[in-house]
Amino acid sequence: MNGDHGERVRVESEGDIVAVRRAVRDAAKDLGFGTTDVTRIVTAASELTRNITLYAGSGEVRWREIDSRGTRGIEVVFEDQGPGIPDVELALEEGYTTSGGLGLGLPGAKRLMDEMEIETECGKGTRVTVRKWLRQPRPSGQR
Ligand SMILES: Nc1ncnc2c1ncn2[C@@H]1O[C@H](COP(=O)(O)OP(=O)(O)OP(=O)(O)O)[C@@H](O)[C@H]1O
Ligand SMILES: [Mg+2]
(Lines give C-alpha, C1' and ligand atoms only; values in the text may rest on other atoms or scores of the structure.)
(Ligands and ions follow the chains in the order given, each with its own letter.)
Protein backbone atom coordinates (compact mmCIF):
# COMPACT_ATOMS: atom_id res chain seq x y z
CA MET A 1 0.00 0.00 0.00
CA ASN A 2 1.56 3.26 -1.02
CA GLY A 3 -0.27 5.55 1.36
CA ASP A 4 -1.60 7.77 -1.46
CA HIS A 5 -5.12 7.45 -0.23
CA GLY A 6 -4.40 7.52 3.48
CA GLU A 7 -4.85 4.58 5.75
CA ARG A 8 -7.61 5.80 7.97
CA VAL A 9 -10.84 7.72 7.71
CA ARG A 10 -12.52 9.45 10.60
CA VAL A 11 -16.25 8.70 10.56
CA GLU A 12 -18.50 11.46 11.89
CA SER A 13 -21.64 11.11 9.82
CA GLU A 14 -23.38 9.01 7.20
CA GLY A 15 -21.69 11.04 4.47
CA ASP A 16 -18.33 9.63 5.51
CA ILE A 17 -19.44 6.17 4.34
CA VAL A 18 -18.75 7.35 0.78
CA ALA A 19 -15.17 8.29 1.69
CA VAL A 20 -14.62 4.92 3.38
CA ARG A 21 -16.00 3.04 0.38
CA ARG A 22 -13.75 4.94 -2.02
CA ALA A 23 -10.58 4.64 0.07
CA VAL A 24 -11.06 0.95 0.89
CA ARG A 25 -11.85 0.18 -2.75
CA ASP A 26 -8.64 1.89 -3.90
CA ALA A 27 -6.59 0.11 -1.24
CA ALA A 28 -8.03 -3.31 -2.16
CA LYS A 29 -7.45 -2.69 -5.87
CA ASP A 30 -3.87 -1.58 -5.23
CA LEU A 31 -3.27 -4.79 -3.30
CA GLY A 32 -4.32 -6.80 -6.32
CA PHE A 33 -7.82 -8.00 -5.40
CA GLY A 34 -10.07 -8.82 -8.35
CA THR A 35 -13.34 -7.03 -9.03
CA THR A 36 -15.49 -9.54 -7.16
CA ASP A 37 -13.39 -9.45 -4.01
CA VAL A 38 -13.11 -5.65 -4.15
CA THR A 39 -16.91 -5.50 -4.19
CA ARG A 40 -17.12 -7.92 -1.26
CA ILE A 41 -14.63 -5.89 0.76
CA VAL A 42 -16.32 -2.56 -0.05
CA THR A 43 -19.76 -3.96 0.80
CA ALA A 44 -18.56 -5.25 4.16
CA ALA A 45 -16.81 -1.94 4.87
CA SER A 46 -19.96 -0.07 3.99
CA GLU A 47 -22.12 -2.08 6.41
CA LEU A 48 -19.64 -1.89 9.27
CA THR A 49 -19.17 1.86 8.79
CA ARG A 50 -22.93 2.33 8.70
CA ASN A 51 -23.13 0.54 12.05
CA ILE A 52 -20.61 3.02 13.48
CA THR A 53 -22.72 6.02 12.41
CA LEU A 54 -25.99 4.39 13.42
CA TYR A 55 -25.09 2.97 16.83
CA ALA A 56 -22.07 4.95 18.01
CA GLY A 57 -22.44 8.23 16.10
CA SER A 58 -18.77 8.42 15.21
CA GLY A 59 -15.60 6.39 15.04
CA GLU A 60 -12.73 5.48 12.80
CA VAL A 61 -11.93 3.07 9.98
CA ARG A 62 -8.35 2.08 9.26
CA TRP A 63 -6.78 -0.54 7.03
CA ARG A 64 -3.43 -2.06 6.21
CA GLU A 65 -1.77 -4.69 4.13
CA ILE A 66 -1.15 -7.94 5.97
CA ASP A 67 1.15 -10.83 5.19
CA SER A 68 1.05 -14.35 6.58
CA ARG A 69 3.71 -16.75 5.36
CA GLY A 70 3.81 -15.18 1.92
CA THR A 71 0.05 -14.76 1.52
CA ARG A 72 -0.94 -11.12 1.44
CA GLY A 73 -4.24 -9.59 2.30
CA ILE A 74 -6.08 -6.59 3.67
CA GLU A 75 -7.18 -5.93 7.24
CA VAL A 76 -9.81 -3.30 7.97
CA VAL A 77 -10.63 -2.16 11.50
CA PHE A 78 -13.86 -0.36 12.48
CA GLU A 79 -13.64 1.26 15.89
CA ASP A 80 -16.04 3.33 17.92
CA GLN A 81 -16.56 4.52 21.48
CA GLY A 82 -20.28 3.83 21.36
CA PRO A 83 -22.57 1.75 23.57
CA GLY A 84 -21.02 -1.63 22.72
CA ILE A 85 -22.83 -4.84 21.80
CA PRO A 86 -24.24 -6.70 24.83
CA ASP A 87 -24.56 -10.09 23.09
CA VAL A 88 -22.22 -10.54 20.14
CA GLU A 89 -23.47 -14.02 19.28
CA LEU A 90 -27.01 -12.69 19.04
CA ALA A 91 -25.92 -9.66 17.01
CA LEU A 92 -24.32 -12.03 14.49
CA GLU A 93 -27.61 -13.84 13.90
CA GLU A 94 -29.31 -12.97 10.63
CA GLY A 95 -32.35 -10.82 11.29
CA TYR A 96 -31.31 -9.61 14.74
CA THR A 97 -31.66 -5.83 14.89
CA THR A 98 -32.21 -3.21 17.57
CA SER A 99 -32.94 -0.45 15.06
CA GLY A 100 -35.64 -1.87 12.81
CA GLY A 101 -33.03 -2.72 10.20
CA LEU A 102 -32.69 -6.01 8.37
CA GLY A 103 -30.16 -7.40 10.80
CA LEU A 104 -27.92 -8.45 7.95
CA GLY A 105 -24.96 -6.09 8.32
CA LEU A 106 -22.78 -8.09 10.71
CA PRO A 107 -23.58 -11.61 9.41
CA GLY A 108 -23.27 -10.33 5.84
CA ALA A 109 -19.88 -8.75 6.49
CA LYS A 110 -18.70 -11.94 8.14
CA ARG A 111 -19.72 -13.99 5.12
CA LEU A 112 -18.14 -11.59 2.63
CA MET A 113 -14.77 -11.56 4.39
CA ASP A 114 -12.41 -14.42 5.28
CA GLU A 115 -12.12 -13.49 8.95
CA MET A 116 -14.02 -11.28 11.36
CA GLU A 117 -13.39 -10.52 15.03
CA ILE A 118 -15.56 -8.41 17.30
CA GLU A 119 -14.19 -6.90 20.49
CA THR A 120 -16.77 -4.94 22.42
CA GLU A 121 -17.47 -3.69 25.91
CA CYS A 122 -20.74 -2.20 27.06
CA GLY A 123 -20.42 1.54 27.59
CA LYS A 124 -16.91 1.56 26.14
CA GLY A 125 -17.21 0.78 22.44
CA THR A 126 -16.75 -1.73 19.68
CA ARG A 127 -13.92 -2.81 17.43
CA VAL A 128 -14.67 -5.01 14.44
CA THR A 129 -11.67 -6.39 12.55
CA VAL A 130 -12.07 -8.04 9.16
CA ARG A 131 -9.51 -9.63 6.88
CA LYS A 132 -9.44 -10.92 3.35
CA TRP A 133 -6.57 -12.86 1.78
CA LEU A 134 -5.44 -12.70 -1.81
CA ARG A 135 -5.91 -15.97 -3.61
CA GLN A 136 -2.96 -17.31 -5.54
CA PRO A 137 -3.15 -16.08 -9.11
CA ARG A 138 -4.74 -18.68 -11.36
CA PRO A 139 -3.37 -19.49 -14.81
CA SER A 140 -6.73 -18.94 -16.51
CA GLY A 141 -7.97 -15.47 -15.59
CA GLN A 142 -9.50 -14.23 -12.38
CA ARG A 143 -12.68 -14.95 -10.51
N1 LIG B 1 -20.85 -0.59 16.26
C2 LIG B 1 -21.90 -1.02 16.96
N3 LIG B 1 -22.14 -0.54 18.21
C4 LIG B 1 -23.21 -0.98 18.91
N5 LIG B 1 -24.09 -1.90 18.48
C6 LIG B 1 -23.89 -2.41 17.26
C7 LIG B 1 -22.81 -2.01 16.43
N8 LIG B 1 -22.88 -2.70 15.29
C9 LIG B 1 -23.93 -3.51 15.39
N10 LIG B 1 -24.57 -3.34 16.58
C11 LIG B 1 -25.74 -4.09 17.08
O12 LIG B 1 -25.85 -5.31 16.37
C13 LIG B 1 -27.12 -5.40 15.73
C14 LIG B 1 -26.97 -6.14 14.41
O15 LIG B 1 -26.20 -5.35 13.49
P16 LIG B 1 -26.40 -5.57 11.93
O17 LIG B 1 -25.54 -4.61 11.20
O18 LIG B 1 -26.23 -7.03 11.66
O19 LIG B 1 -27.94 -5.25 11.68
P20 LIG B 1 -28.69 -3.84 11.68
O21 LIG B 1 -27.69 -2.72 11.67
O22 LIG B 1 -29.65 -3.82 12.79
O23 LIG B 1 -29.47 -3.88 10.30
P24 LIG B 1 -28.83 -3.78 8.83
O25 LIG B 1 -29.21 -5.06 8.14
O26 LIG B 1 -29.47 -2.59 8.23
O27 LIG B 1 -27.37 -3.63 8.97
C28 LIG B 1 -27.59 -3.95 15.59
O29 LIG B 1 -28.99 -3.85 15.49
C30 LIG B 1 -27.06 -3.34 16.88
O31 LIG B 1 -27.88 -3.64 17.96
MG1 LIG C 1 -26.07 -2.74 10.28
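What you are looking at is a predicted structure, and each value in this text was computed from that prediction instead of being measured.

(A) Layout of the overall build of the chain. Counting its secondary structure elements, the chain contains four helices and five strands. Moving toward the C terminus, one meets the helices and strands of the chain in the order β-α-α-β-β-α-α-β-β. Against the globule reference of 15 Å for 143 residues, the chain gives a C-alpha radius of gyration of 15 Å, in line with a compact fold. For the chain, the C-alpha atoms occupy an extent of roughly 45 × 30 × 25 Å along the three principal directions. When the 143 residues of the chain are sorted by exposure, 41% land in the buried category. For the chain, contacts bridging at least 24 residues in sequence account for 61% of all contacts bridging at least 6.

(B) Just the nonpolar core, in detail. Membership of the largest hydrophobic core comes to 31 residues, with the highest contact counts inside it found for F33, V61, W63, V76, F78 and V130. Counting residues per element, this core draws most heavily on helix α2 (residues 35-56), at seven residues. What F33 contacts, discounting residues up to four positions off in sequence, is A28, V38, I41, G73, I74, K132, W133 and L134.

(C) Quick peek at the site of ligand 1. Y55, T97, T98, L104 and L106 are the nearest of the 20 residues found near ligand 1. Between ligand 1 and the protein, one listed contact pairs an oxygen atom with a backbone N or O atom of L102 at 3.4 Å. Here an oxygen atom of ligand 1 and a backbone polar atom of G105 are 3.2 Å apart. When isolated, ligand 1 has an accessible area of 590 Å², and the protein chains bury 93% of it. Among the detected pockets, ligand 1 sits in the largest pocket. Those elements that provide at least two residues to the shell around ligand 1 are α2 and α4 (105-112). For the shell around ligand 1, the leading source of residues is α2, giving four residues. Its residues assigned to classes, the shell around ligand 1 shows eight nonpolar, nine polar and three charged.

(D) Representation of the pattern of salt bridges in the model. Applying the stated criterion to the full structure yields 18 salt bridges. The closest approach of N and O atoms between R50 and E47, which form a salt bridge, is 3.1 Å. Highlighted residues: R50 and E47, both in helix α2, separated by three residues, approximately one helical turn. R131 is the partner of E75 in a salt bridge, and the nearest nitrogen-oxygen pair spans 2.8 Å.

(E) Seen up close, the sheet that holds strand β4 (residues 115-121). Strand order in this open sheet of five strands is β1-β2-β3-β5-β4, and the pairing throughout is antiparallel. Only two strands of the sheet have a single neighbouring strand rather than two, namely β1 (8-11) and β4. This sheet shows a mean twist of 15 degrees between the axes of neighbouring strands, independent of strand direction. By the bridge criterion, ten bridges tie strand β2 (residues 59-68) to strand β3 (residues 71-80) in an arrangement that is antiparallel.

(F) Region of the structure containing the layout of surface pockets. Size it by volume and the largest pocket reaches roughly 600 Å³. Along its surface, the largest pocket is lined by 29 residues, and N51, Y55, I85, T98 and L106 are the ones closest to its centre. Listing elements by their share of the lining of the largest pocket, those giving two or more residues are α2, β3, α4 and β5 (125-133). Looking at the lining of the largest pocket element by element, the count peaks at eight residues for α2. Here the lining of the largest pocket is built from residues that sort into 16 nonpolar, nine polar and four charged.

(G) Quick peek at α4. Buried residues of α4: G105, L106, P107, G108 and A109, and no others. Where α4 is buried, its residues meet α2, α3 (88-91) and β4.

What counts and how
- Sequence positions are assigned chain by chain, starting from 1 and proceeding in written order.
- Whichever chain is written first becomes A and whichever ligand is written first becomes 1, with later ones labelled in order.
- The predicted nature of this model means local features are confined to residues of pLDDT at least 70 and side-chain atom pairs, given and counted, to a pLDDT of 80 or more, with totals for whole chains, interfaces and linings taken over all residues.
- Values shown for side chains rest on all heavy atoms present in the structure; no hydrogens or waters enter the calculation.
- Runs of E in the DSSP output that reach at least two residues are strands. Runs of H or I that reach at least four are helices, and both are numbered from the N terminus.
- C-alpha atoms define the radius of gyration, and 2.2 Å times the number of residues to the power 0.38 defines the globule rule.
- Remark: exposure states derive from per-residue accessible area (1.4 Å probe, protein chains only) relative to the maximum for the residue type, with buried under 20%, exposed over 50%, and partly exposed in between.
- Contact between two residues is taken to exist if any of their heavy atoms lie within 4.5 Å; hydrogens are not considered.
- To qualify as a nonpolar core, a set must consist of buried Ala, Val, Leu, Ile, Met, Phe, Trp, Tyr and Cys residues joined through side-chain atoms within 4.5 Å.
- Definition of nearness: a residue and a molecule or strand are near each other if at least one heavy atom of the residue lies within 4 Å of the molecule or strand.
- Nitrogen and oxygen atoms within 3.5 Å of one another constitute a polar contact, given that in protein one can donate a hydrogen and the other can accept it, and given that sequence-neighbouring residues count only through two side-chain atoms.
- In this description, accessible areas are obtained by the Shrake-Rupley approach with a 1.4 Å probe, and a residue is regarded as covered only by the protein chains that are shown.
- Only protein atoms enter the 1 Å grid used here, on which a cavity is any set of points holding a 1.4 Å probe that cannot leave and a pocket is any open set flanked by protein within 12 Å on both sides along at least five of seven lines; residues with an atom within 4 Å of a point are listed as lining.
- Cavity and pocket membership follows a simple rule, namely that a molecule belongs there if more than half of its atoms are within 2 Å of the grid points.
- Three residue categories are used. Nonpolar comprises Ala, Val, Leu, Ile, Met, Phe, Trp, Tyr, Cys and Pro, charged comprises Asp, Glu, Lys and Arg, and polar comprises the others, including Gly.
- Think of a salt bridge as a Lys or Arg side-chain nitrogen and an Asp or Glu carboxyl oxygen that are within 4 Å of each other.
- Strand pairing is defined by DSSP finding a minimum of two bridges between the two strands.
- Note on geometry: axes are lines fitted to C-alpha atoms, helical ones only across the stretch in contact, with angles between N-to-C directions running from 0 to 180 degrees.
- Grid points are joined across faces, edges and corners, and a volume is the space filled by probe spheres set on the points.

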